[in-house]
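Okay, here's what each chain looks like letter by letter:
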Amino acid sequence: MLARCVVVAALLAGAAGCVRAPSRIDTAALVRAQGGVVEARRVLELRTVKDPKDLQARLALAALEEQDGRPAAAMAHLEVVRTTGGPFGARWHPEDRARLGRLLAARGMARVARGAGTAAADLARAVELGAAVDATAIARGTRVKAEALLRHADARERARGQRLIAGLAGGRGAEPAWRGALVGATPAARAEYGAWLWSVGARRAAWTELSAWHAATAAPRDPALQARYTVAHLWWTPPEGKPLPAEELAGPERCAAPGARDCAPAKVVRVE
């Protein structure tokens, strides 16, 4: 029985090696035969219209699209090949896998540059596919994703963002304020983290941290942190809400609150 299983496994492995990837289309020859990239692409696209599972044509299209500076189209074809794979996985060649990894890495870096939260997923997939992605780039992608989550209206999404930041807190290039995202952080560390959150537009998350600091810290409080708290309090408290006592107002923004003291221009505006 054991011998039979071994034989079957060997046959299956051999079959996998035979059918794993279709033979390659010589795209250079096709371009020459069709008189250019446009017609060559048209021939291949027609094949995929007739048979969406024509993986040979899709792999050739992916190579052609990358060469022609159309990375999104190349990735679209490679994703079809990946998802159409059978029990032995994607039916492509190592260079096709490397192509998708390379394109995902490039897209991930572009998304990092523009602050898109989807950058981290692209970079993670690129690494899985064997692409060389710098650890600093991965950390940047994770930070971008975390910031997007921290700005979310849903508390569960904000919690996910905080866990990501906590995971980066001890790494190279980490912001000192990120230590406030760690479990068991001191009230002062949470306030510093809240100030950082405010700076990246995560105002609800910032208010949570600054409020926790304020509630856990007796007066007299750190003036700089109290100024941050004042800004957040003014933002989140509606006109009919309870105002901060005048003695708790700090920072130049305090002058937007009723009852603020020492709001003469000379005392509020610093002239360099």
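Scroll up a little and you will see the structure.
So, how was this worked out
- Along each chain, the written sequence defines residue order, and numbers are assigned to residues from 1.
- The predicted origin of the model limits local features to residues at a pLDDT of at least 70 and limits the giving and counting of side-chain atom pairs to 80 or more, whereas totals for whole chains, interfaces and linings rest on all residues.
- The side-chain quantities take in all heavy atoms of the structure and omit both hydrogens and water.
- All axes here are fitted lines through C-alpha atoms, helices being fitted over the stretch that makes contact, and every angle between N-to-C directions spans 0 to 180 degrees.
- Put simply, DSSP marks the helices as runs of H or I at least four residues long and the strands as runs of E at least two long, and each gets a number from the N terminus on.
- By definition in this entry, angles of less than 35 degrees are roughly parallel, angles greater than 145 are roughly antiparallel, angles of 65 to 115 are roughly perpendicular, and the rest are oblique.
- Put simply, a crossing is left-handed when the front helix is turned counterclockwise from the back one by less than a right angle, and right-handed when it is turned clockwise.
- We call two residues in contact when some of their heavy atoms are within 4.5 Å.
- Only Phe, Tyr and Trp rings are paired, with Trp represented by its six-membered ring, and only when their centres lie within 6.5 Å; those with planes under 30 degrees apart are stacked, over 60 edge-to-face, the remainder tilted.
- Only protein chains enter the accessibility calculation, which uses a 1.4 Å probe. A residue is then buried if its area is under 20% of the maximum for its type, exposed if over 50%, and partly exposed in between.
- Only buried residues count toward a nonpolar core. Its members are Ala, Val, Leu, Ile, Met, Phe, Trp, Tyr and Cys residues joined through side-chain atoms within 4.5 Å.

The subject of this paragraph is the packing of helix α4 (residues 55-67) against helix α6 (residues 94-113). In a packed pair of helices, the relevant descriptors are the angle between the two axes and the axis-to-axis distance. The N-to-C vectors of α4 and α6 enclose an angle of 40°; their axes lie 11 Å apart at closest approach. Here α4 is positioned oblique relative to α6, judged by the angle of their axes. The interaxial crossing formed by α4 with α6 has left-handed handedness. In this structure, α4 contributes Leu59, Ala62, Ala63 and Glu66 to the contact, and α6 contributes Asp96, Arg99, Arg102 and Leu103.

Inspection of the entire model under this criterion finds 5 aromatic pairs. For the pair Trp178 and Trp196, a centre-to-centre distance of 5.7 Å together with 80° between the ring planes defines the contact as edge-to-face. One end of the pair, Trp178, is in the loop between α9 (155-168) and α10 (187-199); the other, Trp196, is in helix α10, and 18 residues separate them in sequence. Across the pair, Trp196 and Trp178 agree in class, each one buried. When the ring of Tyr193 is compared with that of Trp196, the centres are 6.1 Å apart and the planes differ by 15°; the resulting orientation is stacked. Placement of both Tyr193 and Trp196 in helix α10 is noted, with a separation of 3 residues, approximately one turn of the helix. Both residues of the pair, Tyr193 and Trp196, count as buried. Ring-pair connections join several aromatic residues into one group, and the members of that group are Trp178, Tyr193 and Trp196.

Residues Leu150, Ile165, Tyr193, Trp196 and Leu197 are the most contacted members of the largest nonpolar core, which totals 26 residues. Mapped by element, the contributors of at least two residues to this core are α8 (135-150), α9, α10, α11 (203-216) and α12 (223-236).

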